[in-house]
Amino acid sequence: MSYVLASQLTKRFGDNTVFEKINFSIEKGEFITLLGPSGCGKSTLLRSLAGLNPIDGGEIHIENEDLTHTLPRDRGIGMVFQSYALFPNMTVAENIAFGLKMKKLSSVFIQSEVERVIELVELGGKEQQYPDQLSGGQRQRVALARALVVKPRILLLDEPLSALDAKIRKRLRQQIRSIQKELNLTTIFVTHDQEEAMIMSDRIFLMNQGEIVQKGTPEEIYTQPANEFVAGFMGHYNLVESHKAKQLFNIHTDNKVAIRPESIYVREAGRHYGSHISAPQIGIIKEHQVLGNVIRYRVAIDDCDLTVDLLNRSSERLLAAGQSLELLFNLNEIQPVSA
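Residues numbered from 1 in each chain as written. Predicted model: local features only at pLDDT ≥ 70, side-chain atom pairs only at ≥ 80, totals over all residues. Heavy atoms only, no water.

A look at the side chain of R153
Tracing the sequence through the fold places R153 in the loop between α4 (136–148) and β7 (154–158). Polar side-chain contacts of R153 include one of 3.2 Å to the side chain of E63. Sequence-distant contacts of R153, that is, excluding residues within four places in its chain, are made with Y3, I62, E63, E65, L67, R75, G76, L185 and T186. (Helix = DSSP H or I, 4+ residues; strand = E, 2+ residues; numbered from the N terminus. Polar contact = N/O pair within 3.5 Å; in protein donor to acceptor, adjacent residues only side chain to side chain. Contact = heavy atoms within 4.5 Å.)

In structure tokens form, the structure reads like this:
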């Protein structure tokens, strides 16, 4: 049996059904990301697993134990919130030790465990400081340490990095993933950031309007979108109408087709292309964006606008608006998607 098993989970607030009959399983040591737009139900689902939002239907099992109606404090779950939720009148060490003190453990043991996790989250030297003396990244590491010190069966992270600047986010997500792997800690992470989910996850559960619309590895979610929503949410897929797909790619389908911007090439003189590459199509550049190592073009083929990503190798590669070019499409990477 899976380490975590959720069956037919349903949650309502009054007449509003947040999610209904959700099912999933998680193996021990997996890092799962609940990904989706704001309001899709991902944070409510996380809080339901923690017992903070009692569910209206279904069951939650962890290690074969039915925790559906167990109190939050008795579930063996650690949770880290976006808002840190630290005690302002307690030092770093006291905040971290709080959960162990509630268990009435010995002071020697508590001190040893606090020292262990402070080293783990790299907060040495900050033990006697108060939350208002710390940076946002340091406060989030205190919150993480407080969750880890009680050795939870599952770690739940509710958008813990969203309030931090980009540099600190990158550093902390690497640190969280490293600690998770070191401890082999089953972790469920909530975010609306696709890049964050792709980098950190073993598997992604992509949610929309209270449903898990696709589960899979980051590569599976990105390269094999289950429907139009997934294709539109992950990256910058081009969604091409069925009649246009026939014209451009000679693909006969009743559905739209999805193609990634990096699967569209600009024809290079003298280069041989395999049979999986389409016949060239003339396009006109409408505009471009320089995104560091990638230049993103908006190119029109008749009435069809396409996003095309090319590597930014040098300034000579920059193509001007109004310029025509020949586009080639990797036919192996075009797929029909349902609505």
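So, next bit.
Structural notes on unusual backbone geometry
For E122, which is not glycine, the phi dihedral falls at a positive 60 degrees. Looking at the secondary structure, you find E122 in the loop between α3 (107–120) and α4. Classification of E122 by relative accessible area gives partly exposed; the value is 46%. Of note in this structure, E159 is not a glycine but carries a positive phi near 45 degrees. Looking at where E159 falls in the secondary structure, it is placed in the loop between β7 and α5 (166–183). Residue E159 is classed as buried on the basis of its relative accessible area of 13%. (Buried < 20%, exposed > 50% of the residue type's maximum accessible area, 1.4 Å probe, protein only.)

What to know about the pattern of salt bridges
Within this structure, the stated rule accounts for 24 salt bridges. A salt bridge links K244 to D303, with the shortest nitrogen-to-oxygen separation between them at 3.0 Å. Linking K244 in helix α9 (residues 242–249) with D303 in the loop between β15 (294–301) and β16 (304–311), this pair joins segments that are 59 residues apart in sequence. Overlapping salt bridges bring together R169, R173, D193, E195 and E196 as one network. (Salt bridge = Lys/Arg side-chain N within 4 Å of Asp/Glu carboxyl O.)

Points about the sheet that holds β15
One open sheet holds the 5 strands; their spatial order is β13-β17-β14-β15-β16, and the pairing between them is antiparallel. Strand pairing shows two members of the sheet lacking a second neighbour, β13 (264–266) and β16, which therefore form its edges. Recorded for the sheet is a direction-independent mean angle of 45 degrees between the axes of neighbouring strands. Pairing geometry for β15 and β16, over 8 bridges, is antiparallel. In the strand pairing of β16, R296 is matched with D309. (Pairing = 2+ DSSP bridges. Axes fitted to C-alpha atoms, helices over the stretch in contact; angles between N-to-C directions.)

Looking at the sheet that holds strand β12 (residues 256–259)
Whenever strands of a sheet pair, they do so through backbone hydrogen bonds, lying parallel or antiparallel. As summarised here, the arrangement of the 3 strands in space is β11-β12-β18, forming an open sheet in which the pairing is antiparallel. This sheet does not close on itself; its edge strands, each paired only once, are β11 (238–240) and β18 (334–337). Averaged over all pairs of adjacent strands, the angle between strand axes in this sheet comes to 35 degrees, irrespective of strand direction. In this structure, β11 lies alongside β12, joined through 3 bridges in antiparallel fashion. From the neighbouring strand, N238 faces β12, where its bridge partner is I259. Seen against the sheet, α9 touches β11, β12 and β18 and runs at an angle of roughly 100 degrees to β11.

Some details on the environment of A339
Position of A339 among the secondary structure elements: in the segment after β18. A relative accessible area of 83% places A339 in the exposed class. Separated by 110 residues in the primary sequence, A339 and F229 have C-alpha atoms spaced 7.6 Å apart. A339 has contacts with N227 and E228, leaving out every residue within four places of it along the chain.

As for the pairing of β15
Burial runs high along β15: 7 of the 8 residues are buried. Taking the residues between adjacent antiparallel strands as the criterion, strand β14 (residues 281–291) and β15 are bridged by 2 residues, where G292 takes a positive phi near 70 degrees. Turn length for the β15-β16 hairpin, with the two strands adjacent in sequence and antiparallel, is 2 residues, and the turn residue D302 shows positive phi of about 55 degrees.

What about the nonpolar core?
When a protein is soluble and globular, its nonpolar side chains tend to lie buried together. Membership of the largest hydrophobic core comes to 34 residues, with the highest contact counts inside it found for I96, L144, L148 and L155. Of all the secondary-structure elements, those providing two or more residues to this core are α2 (92–102), α3, α4, β7 and α5. At 6 residues, the largest contribution of residues to this core is made by α4. Filtering out sequence-adjacent residues up to four positions away, L144 remains in contact with V80, V121, L155, L157, I176 and I179. Counting residues in each nonpolar core, the second largest holds 29 residues, with A6, I55, I77 and F205 among its members. (Core = buried A, V, L, I, M, F, W, Y, C linked by side-chain atoms within 4.5 Å.)

Focus: α4
With 13 residues, α4 ought to run about 18 Å at 1.5 Å a step, and its terminal C-alpha atoms sit 18 Å apart, in line with that. Most of α4 sits out of view: 11 of its 13 residues are buried. Every buried residue of α4 is listed here: G137, Q138, Q140, R141, V142, A143, L144, A145, R146, A147 and L148. (Expected span 1.5 Å × (residues − 1).)

A few points about α5
Helix length check: α5, at 18 residues, gives a terminal C-alpha distance of 26 Å against a target of 26 Å (1.5 Å per residue), a fit within 8%. Buried residues along α5 sit against β3 (31–35), α3, α4, β7, β8 (186–191) and α6 (194–200). Just beyond α5, the residue with positive phi is N184, at close to 50 degrees.

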